[in-house]
Amino acid sequence: MLFSKLAEYFEQLDHTTSRNTLVAILADLYSQCDQSEVRPITYLLQGRLAPFFKPIEIGMGINYVADAIGKAFGVDRKHVMQVFDRVGDIGTAARQVQQEAGKELSMEETPTVLEIFNQLMAISQVSGQGSIEKKIGMFADILQKLDPRSVTYICRIPVGTLRLGVGDPTILDALSFAKSGDKSLRKPLERAYNETSDLGLIAETLWKDGIEGVEKLSIMPGNPVRPALAERLPTPEAIINRMGQCAVEKKYDGFRCQVHKIGNEVKIFSRNLEDMTGMFPEITSGTLAMVDAETAIFEGEALAYHPLSGEFLPFQVTTKRRRKHKIEEAAQELPLKLFAFDILYKNGENLMGMKYVDRREILANTIKGEDSLIVSDWVIADNVEKLMEVFNEAIESGLEGIVAKRLDSPYQAGARNFNWVKLKRTHAGQLQDTVDCVIVGYIYGRGKRAQLGAGALLVAVYNPDKDTFQTITKIGTGLTDEEWKEVVERCKPYVTEEKPARVESIIQPSVWVEPAVVIEVLADEITRSPVHTAGMNGEKQGYALRFPRLVSFRESDKRPEDATTVQEIIEMYQQQAIKQVAS
Ligand SMILES: Nc1ncnc2c1ncn2[C@@H]1O[C@H](COP(=O)(O)OP(=O)(O)OP(=O)(O)O)[C@@H](O)[C@H]1O
């Protein structure tokens, strides 16, 4: 496939406002791909050269891309940046500069997708002295070979603004449609995705070995597994009624880490599967010193802990780590402990299908001693009193609650179900848990707020079945002026003229925002609503949050698709009724 053809698809995806059309365009694109193209095209669709957990970057910011545009079309960077300042997008600026220079090529003259992909990959691998000059030169060479549309889209890749609004589930649907004409392959594709997190690998395997090949893909050290997640139940009684005898663990309030030990190498992935190894030197060295296995994948929560007093430091203290530039120093000053609570893989064996109790035994035998790694405690409870004992102990030591786990449960990658149930401390008159929402727009304010740029935020939750974002509330109060400014600043790169294809909204905000910024919201109650689309179904009204207020920004550890789901909202709504009856 010629790169210009791919750029044509990019343009179509860019301009659609409907999620069904997104799937149709993508399925059409995939049906044109051969085996060698399907993997690179999958990464390029996400503006990348590799799955997002591999830190392969082109390594050129806006100024260097501007340099390359100037070099390709015979002008200086200053001129390119002037055009960029006027049009607000580096791709459009490049197209304009190309046109001014009279160097537009026709679509038929462009190289293939594979040629361009390999050249971009080569740029990402240039390092050392003089690397910037080299990268600029190589990118300029690419630009000289492209038609105007391709120039537009390719310039957005290194600077991270190729936002086609294509979510991972949408790609899975499209792969299924391209290969079978319907959604029937979605389930096995999704399982492989939950275990390997690599859409490119899955697409390539599907093309090469069919769905049977995809069914053989499973957990592999180096590829993060999508984390198992916890459901909610409103009371300790509800937990015992539903789960019967179960394991109870403290719920640590820190960073979820998935640690991969591959021989002498360690990789640590965050809740949203980013490679965060660099942030946790003490956990890396602890893993090498204490883990008795050649290869292993285990999970835990990393937080600041004072071993002498047995005191857990609050999340705000733990997160200081993110802001510190000198990680090594931070690791000395405020060493984190990883409380390991599960193991998924050991020495070539996939443990995910094993029962919780058996995995726990293996975990205890794998981590030797207690230092920067600590195997977390668990007790068996079959009554409310026992469960509350652990709960109260957790609260006393500064934690926020417990997680109850089914004794015979497997590790289900990417699933939120009743294998794990969380119970947090709550305050009267508030929902039992915060809701993670995605900003999809804002509404201009009057008076002082107008000067700040926003009056109310329109926020949404995630519908994984449809891969859409459905609105659930407007947040208009509870933010300081500083916070408003910060919200607007964070949304700025994602502002878009048209409604993003994956957003479902009846309310028309003043400004649409691509789903990207995740915020944690606390509310008093969930109510039914005729104006919000979350959970709206035919005649049935949607759901809304009452008295919502911003608690924190979550985009560092949650992607928009990790936001609270509509299903969770419906469950929280039902549980709120149970709780009201109980109290
Ligand atoms: N013992 C434990 N077992 C499992 N998870 C734990 C444990 N202790 C802490 N956690 C953390 O608790 C998280 C779930 O709780 P919480 O609802 O507070 O977090 P969240 O990020 O808002 O939700 P989620 O991760 O479920 O989307 C898990 O993702 C994990 O990071």
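Residues numbered from 1 in each chain as written. Predicted model: local features only at pLDDT ≥ 70, side-chain atom pairs only at ≥ 80, totals over all residues. Heavy atoms only, no water.

Is there a simple way to think about unusual backbone geometry in this case?
Residues apart from glycine generally show negative phi values, whereas peptide bonds are mostly found in trans. You will see that S197, though not glycine, has its phi angle at about 60 degrees, which is positive. Within the secondary structure layout, S197 lies in the loop between α11 (186–196) and α12 (199–216). The residue N347 is not glycine, and still its phi comes out positive at about 45 degrees. Looking at where N347 falls in the secondary structure, it is placed in the loop between β7 (336–346) and β8 (349–350). Owing to a relative accessible area of 45%, N347 belongs among the partly exposed residues under this scheme. (Helix = DSSP H or I, 4+ residues; strand = E, 2+ residues; numbered from the N terminus. Buried < 20%, exposed > 50% of the residue type's maximum accessible area, 1.4 Å probe, protein only.)

In this structure, what is going on with the UniProt feature "binding site: ATP" (unreviewed entry) in the protein? I would like to understand it.
Cross-referencing UniProt, the feature "binding site: ATP" (unreviewed entry) maps to E249, R256, R271, E301, F341, R416 and K422 in the present numbering. You can see E249 is positioned in strand β2 (residues 246–250). Ignoring sequence-local partners within four residues, the contact set of E249 consists of F341, Y356, R360, S376, D377, W378, I402, V403 and K405. For E249, the side chain forms a polar contact with the side chain of Y356, separated by 2.5 Å. Overall, the relative accessible area of 14% leaves K422 in the buried class. (UniProt positions renumbered as here; feature names shortened; annotations may be inferred. Contact = heavy atoms within 4.5 Å. Polar contact = N/O pair within 3.5 Å; in protein donor to acceptor, adjacent residues only side chain to side chain.)

Explain the domain arrangement of the protein to me, please; I cannot follow it from the model alone.
Many analyses report the size of an interface as the accessible area lost when the parts associate. By domain assignment, the protein separates into domain 1 (1–218), domain 2 (229–431) and domain 3 (435–582). The centre of domain 2, based on its C-alpha atoms, is set 29 Å off from the matching centre of domain 3. Contact residues are listed per partner, giving 13 residues for domain 2 and 21 residues for domain 3. The largest per-residue losses of area from domain 2 upon contact with domain 3 belong to R232, N272 and L431, which jointly make up 41% of the total buried on that side. In this structure, the connection of domain 2 to domain 3 is made through 3 salt bridges. The residue R232 makes a salt bridge to E568 at a minimum N-O spacing of 2.7 Å. Applying the counting rule to domain 2 against domain 3 returns 4 residue pairs in polar contact (both at pLDDT 80 or more). (Domains from an automatic or database assignment. Buried area = accessible area lost by both parts, 1.4 Å probe. Salt bridge = Lys/Arg side-chain N within 4 Å of Asp/Glu carboxyl O.)

What's the story with the sheet that holds strand β1 (residues 229–232) in this structure? I'm lost.
Strand-to-strand pairing in sheets goes through backbone hydrogen bonds, with the strands running parallel or antiparallel. One open sheet holds the 5 strands; their spatial order is β1-β12-β11-β2-β10, and the pairing between them is mixed. In this open sheet, the two edge strands, each paired with only one partner strand, are β1 and β10 (379–381). The mean inter-strand angle of the sheet, taken between neighbouring strand axes irrespective of direction, is 40 degrees. In this sheet, strand β12 (residues 416–424) lies alongside strand β11 (residues 401–406) in antiparallel orientation, the contact comprising 5 bridges. Residue pairing for β12: V403 is matched across the bridge by K422. On top of the sheet, helix α13 (residues 236–243) reaches β2, β10, β11 and β12; it is set at about 155 degrees to β12, its chief contact. (Pairing = 2+ DSSP bridges. Axes fitted to C-alpha atoms, helices over the stretch in contact; angles between N-to-C directions.)

Sorry, what's going on with the site of the ligand here?
E249, K251, R271, E301 and K422 are the nearest of the 20 residues found near the ligand. Taking R256, its side chain carries an N or O atom lying 3.0 Å from an oxygen atom of the ligand. Of all the elements in the fold, those that place two or more residues in the shell around the ligand are β2, β11 and β12. Sorting elements by how many residues they give to the shell around the ligand places β12 first, with 4 residues. For the shell around the ligand, a count of residues per class yields 5 nonpolar, no polar and 15 charged. Viewed by domain, the shell around the ligand spans two of them, domain 2 (229–431) and domain 3 (435–582), each represented by three or more residues. (Near = heavy atom within 4 Å. Nonpolar A, V, L, I, M, F, W, Y, C, P; charged D, E, K, R; others polar.)

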